[in-house]
Amino acid sequence: MFQAPRGTQDILPQEQPYWLFIQNAAEATARLYGYERIDTPVFEEAGLFVRTVGVGTDIVEKEMYTFKDLGGGQLTLRPEGTAPVCRAYIERGMASLVQPVKLFYQAPIFRYERPQAGRFRQHHQFGFEAIGEGDAALDAELIDMAWRFFQELGLNKLTLQINSIGCPVCRPAYLAKLKEHYDEHREELCEDCKIRLDKNALRLLDCKKTSCQPLSELAPRSIDFLCVECSDHFSKLKSNLRILRLPFEINPGMVRGLDYYTKTVFEIQPEEERGQSTIAGGGRYDGLIEQLGGKHTPGVGFATGIERIILNLKKQNVNVPGLPKPSVFVVWMGEEAGKAAARMVGDLRAAGVSAVTAFTARSMKAQLRQADGTGCHFAAIIGAEELEQGFITLRDLRTAQQEPVDFSKLVDRVKITGIETL
Ligand SMILES: [Zn+2]
Ligand SMILES: [Zn+2]
């Protein structure tokens, strides 16, 4: 027997209302802020992620699905959504459009991680990117959009944390201090952190191991090393977030797991799970487009994990609207009635009423049971008597009330009940 690969899941029909609910909320929110949809390929050249996400990050070191295709190219299944969008921005000449270019996507994300609740090897994200504007007002608007998205979904008890991790001007001095701090405690570090210390010191703050936590708490803070430009940017961000009445906290230890961030980083988390389950995270990436060979172009963005959102919708018992079921099940008895049923199902569908029927001759009882199982509102019954006299027996499956309806009137009769049409 085959099984789905570890860390993947089938999204079954009963889960689909959650997905549609989130998709609708994300698209409505995106439109509200002037973002347009973009779709990029599921795989890209491996180098795109190695160069942008960064050597020494967990993603590049241990989590990417990289493979050689038959032409010998090194390809990687998308482990995050920002680099592909920036690649498209450059390749498709979007620098010549009105800036900032605001884009959103829904995409599967692939990371070879240890599967656990809400964490999959294929998971799905909504991402939002605004490219071509460096002002902190844009960061604030983006964070406001993220916050509104969760309000739209009906998720409560969330925290918003922000930080600034500086720029290429001020970060070297900070990194030196950070290294110094951890170097003094080298022996206490976990094996991964010993490597991080040499390769990518900012990642030290990311370590989730309890043995490394106390060191992170005592570590120097990037906000104490900001240059004038970064410091002004961070001040404006805070002031704009206050204008928008967003309840933010400053978390000086938050750096996010990607190398390309500059200045603003932020995360939104459920209150009770502080740090354990981020449902949205992002930040500014002013050097990224340049790193990919484009002109210097600032950008800012965030992504949300759909599976994590669903987990939280369920935890908070948020009511999600169900999907419409078929409206009419046409029940038939006998060969001639079967032909009439086939025609009737066709007429109903042509009129925009969703209708289903049995494919082979079965007892009336079996067909009514089937009609119940499909969740139909009505059963339209055609037997010998009905066929002869040109009417159907329309049974409301919720009230069990029956009435005769003329063949030619059926479509109108089920339409005026206000049931869902396609
Ligand atoms: Zn700076
Ligand atoms: Zn560690």
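Position numbers for residues start from 1 in each chain and track the written sequence from start to end. Lettering for chains starts from A, numbering for ligands starts from 1, and both go in the order in which the items are written. Only residues with pLDDT of at least 70 are given local features in this predicted model, and only at 80 or more are side-chain atom pairs given and counted; all residues enter the totals for whole chains, interfaces and linings. Excluded from the side-chain calculations are hydrogens and water; all other atoms, namely the structure's heavy atoms, are used.

1. Examining helix α7 (residues 191–199)
Owing to its 3.6 residues per turn, the α-helix brings residues three or four apart onto one side.
At step 1: Looking at α7, one finds that the buried residues are C193, K194, R196 and L197. Looking straight down α7, one finds that the buried residues subtend no more than 160° of arc, so they occupy a single side. Opposite the packed face of α7, turned more than 90 degrees from it, sit the exposed residues E191 and D198.
At step 2: Contacts are assigned to residue pairs that have any heavy atoms within 4.5 Å of one another. Secondary structure counts use DSSP, requiring at least four H or I residues in a row for a helix and at least two E residues in a row for a strand, with both numbered from the N terminus. Where α7 is buried, its residues touch α3 (58–63) and α6 (171–183). Working definition: with a 1.4 Å probe on protein chains only, accessible area under 20% of the residue-type maximum means buried, over 50% means exposed, and in between means partly exposed. Here the arc refers to the set of directions running from the helix axis out to each C-beta atom.

2. Section: the coordination of the zinc ion (ligand 2)
At step 1: Around the zinc ion (ligand 2), the protein contributes the donor atoms C190 (SG), C193 (SG), C207 (SG) and C212 (SG), at 2.2 to 2.3 Å from the metal centre.
At step 2: Here the zinc ion (ligand 2) binds four donor atoms, and the angle range of 105 to 114° at the metal identifies the geometry as tetrahedral.
At step 3: A 2.8 Å cut-off from the metal defines N, O and S donors, relaxed to 3.2 Å for Na, K and Ca; water is not in the atom list, so some sites may appear incomplete. One chain supplies every donor to the zinc ion (ligand 2), and in sequence these donors are spaced C-x2-C-x13-C-x4-C. Within this pair, whereas C190 is found in the loop between α6 and α7, its partner C212 is found in the loop between α7 and α8 (213–218), the two being separated by 22 residues in sequence.
At step 4: For C190, a relative accessible area of 10% gives the class buried.
At step 5: Note on C212: relative accessible area 1%, which makes it buried. Only two sets of limits are used to name each site, 85 to 135 degrees for every angle of a tetrahedral four-donor site, and over 155 degrees for opposite donors with all other angles from 65 to 115 for a square planar four-donor or octahedral six-donor site, with any other site named irregular.

3. What about the coordination of the zinc ion (ligand 1)?
At step 1: Protein coordination at the zinc ion (ligand 1) comes from C167 (SG), C170 (SG), C227 (SG) and C230 (SG), with a distance range of 2.3 Å.
At step 2: Considering all four donor atoms around the zinc ion (ligand 1), angles at the metal cover 99 to 115° and the coordination shape is tetrahedral.
At step 3: Binding-site remark: the zinc ion (ligand 1) is held by donors from one chain whose sequence spacing is C-x2-C-x56-C-x2-C. Here the residue C167 occupies a position in the loop between β7 (158–164) and α6, and C230 occupies one in helix α9 (residues 228–243), the gap between them amounting to 63 residues.
At step 4: Judged by its relative accessible area of 0%, C230 falls in the buried class.

4. What to know about the domain arrangement of the chain
At step 1: Entries for the chain in the domain assignment read domain 1 (13–170 + 226–315) and domain 2 (328–415).
At step 2: Note that domain bounds follow an automatic or database assignment of domains. Between the C-alpha centres of domain 1 and domain 2 the distance comes to 50 Å.

5. Quick look at the pairing of strand β4 (residues 74–77)
At step 1: A pair of strands counts as paired when DSSP detects no fewer than two bridges linking them. Sheet topology places strand β2 (residues 43–45) next to β4; three bridges connect them, and they run antiparallel. If you follow E45 over to β4, its bridge partner there is L75.
At step 2: Judged from the three bridges that link them, strand β3 (residues 66–68) and β4 form a sheet pairing that is antiparallel. When the bridges of β4 are listed, T66 appears paired with T76.
At step 3: Between the antiparallel neighbours β3 and β4 lie five residues, among them G72 with a positive phi of about 90°.

6. Notes on the packing of helix α5 (residues 136–153) against α9
At step 1: Convention adopted: a line fitted to C-alpha atoms gives each axis, helices being fitted over their contacting stretch, and angles between N-to-C directions are expressed from 0 to 180 degrees. Where α5 contacts α9, the axes come no closer than 8 Å and their chain directions differ by 40°. As judged from the angle between their axes, α5 and α9 are oblique. Where α5 crosses over α9, the handedness of that crossing is right-handed. Between α5 and α9, the contacting residues are A136, A137, D139, A140 and I143 on the first element and H233, K236, L237, N240 and L241 on the second.
At step 2: In this count, Pro and Cys sit with the nonpolar residues alongside Ala, Val, Leu, Ile, Met, Phe, Trp and Tyr, while Asp, Glu, Lys and Arg are called charged and the others, Gly among them, polar. For the contact of α5 with α9, the per-class residue count stands at six nonpolar, two polar and two charged. Relative orientations are named as follows: roughly parallel for angles under 35 degrees, roughly antiparallel for angles over 145 degrees, roughly perpendicular for angles from 65 to 115 degrees, and oblique for any other angle. Note: crossing handedness is left-handed where the near helix turns anticlockwise from the far helix by less than a right angle, and right-handed where it turns clockwise.

7. Some words on the sheet that holds strand β13 (residues 355–357)
At step 1: What the five strands build is an open sheet, ordered β13-β12-β14-β15-β16; its pairing is mixed. A single partner strand is all that each edge strand has here, and the edge strands are β13 and β16 (402–406). Ignoring which end each strand starts from, the neighbouring axes of this sheet average 30° apart.
At step 2: Running at roughly 165° to strand β12 (residues 328–332), helix α12 (residues 335–350) makes contact with β12, β13, β14 (378–382) and β15 (391–396) of the sheet.
At step 3: The strands touched by helix α13 (residues 364–374) are β12, β14 and β15; relative to β12, the strand with the most contacts, the crossing angle is about 170°.

8. Remarks on the pattern of salt bridges
Opposite charge on two side chains makes pairing possible when the charged atoms of those side chains draw close.
At step 1: Only one rule defines a salt bridge in this text: a Lys or Arg side-chain nitrogen within 4 Å of an Asp or Glu carboxyl oxygen. A full pass over the atoms with the stated rule returns 27 salt bridges.
At step 2: A salt bridge links D139 to R284; the shortest N-O distance between them is 2.7 Å. Separated by 145 residues along the polypeptide, D139 in helix α5 and R284 in strand β10 (residues 280–284) bring together distant segments of the chain. By the burial criterion, D139 is buried, and R284 matches it.
At step 3: Judged by its relative accessible area of 0%, R284 is buried.
At step 4: Because the salt bridges share partners, they merge into one network encompassing D58, K62, D192, R196 and K209.

9. Describing the packing of aromatic side chains
At step 1: Aromatic pairing here means that ring centres of Phe, Tyr or Trp (its six-membered ring) are within 6.5 Å. Orientation follows from the plane angle: under 30 degrees is stacked, over 60 is edge-to-face, and everything else is tilted. Within this structure, the stated rule accounts for ten aromatic pairs.
At step 2: On the basis of an interplanar angle of 80° and a centroid distance of 6.3 Å, the ring pair of F43 and F67 is categorised as edge-to-face. Here the residue F43 occupies a position in strand β2, and F67 occupies one in strand β3, the gap between them amounting to 24 residues.
At step 3: Judged by its relative accessible area of 43%, F43 falls in the partly exposed class.
At step 4: One aromatic cluster in this structure is built from Y35, F104, F128, F266 and F302.
At step 5: Two conditions define a charge sitting above a ring: the NZ of Lys or the CZ of Arg must be within 6 Å of the ring centre, and it must be within 35 degrees of the ring normal. Geometry around Y112 places R121 over its ring, the cationic atom sitting 4.0 Å from the centre.
At step 6: Here the guanidinium or amino end of K314 rests over the ring plane of Y18, the centre of that ring lying 5.1 Å away.

10. A closer look at the side chain of T278
At step 1: Within the secondary structure layout, T278 lies in the loop between β9 (262–270) and β10.
At step 2: Here a polar contact is taken to be a pair of N or O atoms separated by no more than 3.5 Å, where protein atoms must pair a possible hydrogen donor with a possible acceptor and residues adjacent in sequence count only if both atoms sit in side chains. At a separation of 3.3 Å, a polar atom in the side chain of T278 contacts the side chain of Q269.

11. Describing the packing of helix α2 (residues 46–53) against helix α4 (residues 82–91)
Helix-helix packing: each pair is described by the crossing angle between the helix axes and the interaxial distance.
At step 1: Two elements in contact, α2 and α4, have axes separated by 10 Å at closest approach and are oriented at 110°. Judged on the interaxial angle alone, α4 and α2 are roughly perpendicular. Residue-level inspection shows L48, F49 and T52 of α2 in contact with α4, the latter providing A83, P84 and R87.
At step 2: Partitioned by chemical class, the residues of the contact of α2 with α4 number four nonpolar, one polar and one charged.

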